[in-house]
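# Fold and contact review
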Amino acid sequence: MSENKTITVTSPLLPDLQEFEKLLEDIWQRKWLTNNGHYHMELETALAKYLGVEYLSLFTNGTLPLITALQALRITGEVITTPYSFVATTHSIWWNGLRPVFVDVEEETGNIDPEKIEAAITPHTTAIMPVHVYGTPCNMKRIQEIADIYGLKVIYDAAHAFGVKINGESVLNAGDMSTLSFHATKVYNTVEGGALVCHDAATKKRIDYLKNFGFAGETTVVAPGINSKMDEIRAAYGLLNLKQVDAAIAKRKIVAERYRVALKDVPGIRMMYDIDGVRHNYAYFPIFVDETQYGISRDALYEKLKEQNIFGRRYFYPLISTFSAYKGLESANPANLPVATRMANEVICLPMYAGLKNDDVERVITCIRK
Ligand SMILES: *Cc1c(COP(=O)(O)O)cnc(C)c1O
């Protein structure tokens, strides 16, 4: 019977229910549910400290910080980005009435290829929006060099990169701004939630106006802002989850190491490895299936896993550039995106979460090894 138990690709990190109930009782006493409440302020401070950043604003999800970052930096015209991501990255550009320009990715990381950025720059380009895919840091030094030469802003979609550091330095300190998602499926969650990281107090103030309708005072509205405030209930939940996120990442690491050892000698299965000096968060465990070497296609393996009640996810397939809103763009032509196209056709993200049982990891491995 246990043979057929469903193994999902992810499972949310949940705080202790009794501890959460205590905080809920306190929120009921305070009768202050949103708009910079007690737990909101506490979580903002605690997250900035944990992540190693100076200025962080909480949001109600991880898409609105992307949309707001483009607003706060007054981005116009064209934004260079990657097709190998979750749709929200490109949607945020579209929601600002801007034109996304897709650039191909690097095979080793899945991140935007800095060497292909310059060819995509036009007189209308004003920003670059890279993604730290699977939490692997982008080549931030090279991206900044290009941005500096052409006078472009850089907004990192760091939705996957919670807690990721290079030689002790947070990746969130790169570029002009970075965004985070605290969605239920992420390494760290507040059910739904997110944050926008910037590097100075004046900019944080502007961001905080923008996420609260543009209110700068009781009767002063300084911009056509949006509503993206995080409420007290999720902030309290988030404080509890923050206490256990390091332990969760440590457990994810053990799962990743087991997969790597067990799948290393399987012909046609490519994996990603840890990079020296990087504190990884093991947000995802992607494998890439080379049909000719492995014997069956990615989709055939995906279905085979499903037959065993093992649910991987083809993350990121299809590419964002193939969706109806974007496929007509010149840069969306698959001939412009050969590496991203191949990766999208070969990828499966294997089950990966802190509570994943050893037996379940072994079942996934056995199925892939045949
Ligand atoms: C999850 C995710 C988002 C959006 O976050 P939500 O909190 O779901 O709105 C944005 N970008 C990437 C790369 C993501 O994975």
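Bringing the nonpolar core into the picture now. Counting 103 residues, the largest nonpolar core has Leu 47, Tyr 84, Tyr 134, Tyr 259, Ile 287 and Ile 368 as the members making the most contacts within it. Among the elements that line this core, the one with the most residues is helix H7 (residues 232–263), at 13 residues. When residues of this core are assigned to domains, at least three fall in each of domain 1 (17–242) and domain 2 (246–369). The next biggest cluster of nonpolar side chains, apart from the first, holds 20 residues, and it includes Phe 59, Ile 67, Leu 73 and Leu 196.

On to helix H3 (residues 64–72), then. Burial analysis of H3 places eight of its nine residues in the buried class, the great majority of the element. Those residues of H3 that sit buried are Leu 64, Pro 65, Leu 66, Ile 67, Thr 68, Ala 69, Leu 70 and Ala 72. Of the residues trailing H3, Arg 74 is marked for its positive phi of about 55 degrees.

Here we take up the site of the ligand. Around the ligand lies a shell of 15 residues, among which Gly 62, Thr 63, Asp 157, Ser 181 and Lys 186 are the nearest. Gly 62 has a polar backbone atom sitting 2.7 Å from an oxygen atom of the ligand. Interatomic distance of 2.6 Å between a side-chain N/O atom of Thr 63 and an oxygen atom of the ligand. Compared with its free state, where it exposes 380 Å², the ligand has 94% of that area covered by protein.

A sheet is described by the order of its strands in space; here seven strands give the open sequence E1-E9-E8-E5-E4-E2-E3, paired in mixed fashion. Either end of the sheet is taken by a strand with one partner, and the two such strands are strand E1 (55–59) and strand E3 (99–102). Taken over all neighbouring pairs, the strand axes of this sheet differ in orientation by 25 degrees on average, direction set aside. Bridge count for strand E2 (residues 78–81) against E3 is four bridges, and the pairing is parallel. Directly across from Ile 80, in E3, lies its bridge partner Val 101. Taken strand by strand, H3 contacts E1, E2, strand E4 (125–129), strand E5 (153–157), strand E8 (177–181) and strand E9 (194–198), and its axis lies near 165 degrees from that of E8. The sheet strands contacting helix H6 (residues 201–210) are E1, E8 and E9, and the helix crosses E1 at an angle near 10 degrees.

The rules behind each value
Residues numbered from 1 in each chain as written. Predicted model: local features only at pLDDT ≥ 70, side-chain atom pairs only at ≥ 80, totals over all residues. Heavy atoms only, no water. Core = buried A, V, L, I, M, F, W, Y, C linked by side-chain atoms within 4.5 Å. Buried < 20%, exposed > 50% of the residue type's maximum accessible area, 1.4 Å probe, protein only. Helix = DSSP H or I, 4+ residues; strand = E, 2+ residues; numbered from the N terminus. Domains from an automatic or database assignment. Near = heavy atom within 4 Å. Polar contact = N/O pair within 3.5 Å; in protein donor to acceptor, adjacent residues only side chain to side chain. Areas by Shrake-Rupley, 256 points an atom, 1.4 Å probe, with all protein chains shown as cover. Pairing = 2+ DSSP bridges. Axes fitted to C-alpha atoms, helices over the stretch in contact; angles between N-to-C directions. Contact = heavy atoms within 4.5 Å.

Without other data, these values stay purely geometric and don't point to any function.
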